[in-house]
Amino acid sequence: MRILVVGAGAVGGYFGARLVAGGADVTFSVRSGTEAVLRESGLRVLSPLGDLHLQEPRLLDSESDAPFDLVLICTKLRDLEAGIDIAEAHLADDGLAAALQNGVESEERLKSRLGAKRVLGAVAYIAAALERPGVVRHTGEMARLVIGLPGGGSHPVLDALVAACKRAGIDAEAAADIEAAIWRKFVFLAPFAGLTASWRRAIGPLRENPNAWAFYGNLVHEAVAVARACKVNLPEDAADQVLTFTRGLPEGMKASMLHDLEAGRPLELHWLTGAVARLGAELGVETPASSSVTAELQPYADGTA
Ligand SMILES: NC(=O)C1=CN([C@@H]2O[C@H](COP(=O)(O)OP(=O)(O)OC[C@H]3O[C@@H](n4cnc5c(N)ncnc54)[C@H](OP(=O)(O)O)[C@@H]3O)[C@@H](O)[C@H]2O)C=CC1
Ligand SMILES: CC(C)(CO)C(=O)C(=O)O
């Protein structure tokens, strides 16, 4: 199976490099600045699960590269369409493309542009950051992929990806209901990103602050209400599960949206807390907490650096 990873940032760099180390045939599609760095110094992953250094990662040669069986789009959400352009140009007719991104709207974009039969749903659980181009720092030991065909079913590329992940030591699970899996992460992440970014604090002190914790509860209930209005199959106690999960997170944990805010980079606000507010408005679900966070962070959405 030939795999094309679009974007060698935190997620693409981590999972792409691990797959290479596990013996998979992986090519990276990167932009020119990153390309120069990767050609000069290779791709490094610094991780509690073991460091990696790909001295000469294979880079896409758009003229000659044959179609790929699997394209993993690992850009930020604002670069999704550019990622799909690359998938459109390089995906085999019977191949699959997945977006390893947060949010709940990427899969529909992939379906509408590539055709539903060429889309794999995916959720990435990892805490990683691009320290500088070519260097990914992985924090903690979580590095998990949940993958599945929208609507269920099997596909040789899905099976091959699960096998490649196992060989690479990536915790990968094939989900029967990938839409529910994507939303289960979203109903945690959109509130978590909204809370930590709007209060500009890691989760530890926010759990100790009754106002912040109550506000988080409101954000979570809104996200779950929007999921239910979208007819997503979530458990009855989905909101309680999110609160329990968040109580167990490391004290210093921040959402990547807060890291982006602190660094003056553009935010994924529109697709996270902003999506709860936007979809809520479309579906007639009240989302006062998500709407106020979205309005407060809007001035920073396009970055300030
Ligand atoms: N970081 C994390 O811990 C987690 C992130 N996620 C989600 O994963 C997604 C990716 O996030 P993350 O990896 O952190 O982001 P990063 O910013 O670290 O990486 C994104 C990479 O995409 C590259 N890119 C953008 N456009 C293109 C393009 N047209 N062609 C090739 N490469 C391109 C960027 O390249 P360049 O350097 O040239 O700008 C950058 O290196 C987001 O949706 C995020 O929410 C999900 C789980 C955890
Ligand atoms: C919370 C985390 C690290 C979990 O994967 C994440 O996805 C993010 O902050 O964007």
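Quick caveat: nothing in here was measured; it's all calculated off a predicted structure.

Turning our eyes to something else, we now look at the UniProt feature "domain: Ketopantoate reductase C-terminal" (unreviewed entry) in the protein. Here, UniProt's "domain: Ketopantoate reductase C-terminal" (unreviewed entry) annotation points to residues 177–299. Along residues 177–299, the helical share is 70% and the strand share 0%, with 36 Å between the first and last C-alpha atoms.

Within helix H11 (residues 273–283) the residues assigned to the buried category are Thr273, Gly274, Ala275, Val276, Ala277, Leu279 and Gly280. A positive backbone phi angle near 75° is found at glycine 284, which sits one or two residues after H11.

This paragraph deals with the sheet that holds strand S2 (residues 25–29). Taken together, the four strands give an open sheet; going across it, the order is S2-S1-S5-S6, and neighbouring strands pair in parallel fashion. Each edge of the sheet is formed by a strand with only one pairing partner; in this case those strands are S2 and strand S6 (91–99). With direction set aside, neighbouring strand axes in the sheet form an average angle of 25°. Pairing analysis gives five bridges linking strand S5 (residues 68–73) to S6, with the strands arranged parallel. Of the residues in S6, the one forming a bridge with leucine 70 is leucine 96. Of the strands in this sheet, strand S1 (2–6), S2, S5 and S6 touch helix H3 (residues 80–90), which is tilted by about 160° from S6. Across the sheet, helix H4 (residues 106–114) lies against S5 and S6, angled at about 160° from S6, the strand it touches most.

The rules behind the values
Residues numbered from 1 in each chain as written. Chains lettered and ligands numbered in written order. Predicted model: local features only at pLDDT ≥ 70, side-chain atom pairs only at ≥ 80, totals over all residues. Heavy atoms only, no water. UniProt positions renumbered as here; feature names shortened; annotations may be inferred. Helix = DSSP H or I, 4+ residues; strand = E, 2+ residues; numbered from the N terminus. Buried < 20%, exposed > 50% of the residue type's maximum accessible area, 1.4 Å probe, protein only. Pairing = 2+ DSSP bridges. Axes fitted to C-alpha atoms, helices over the stretch in contact; angles between N-to-C directions. Contact = heavy atoms within 4.5 Å.

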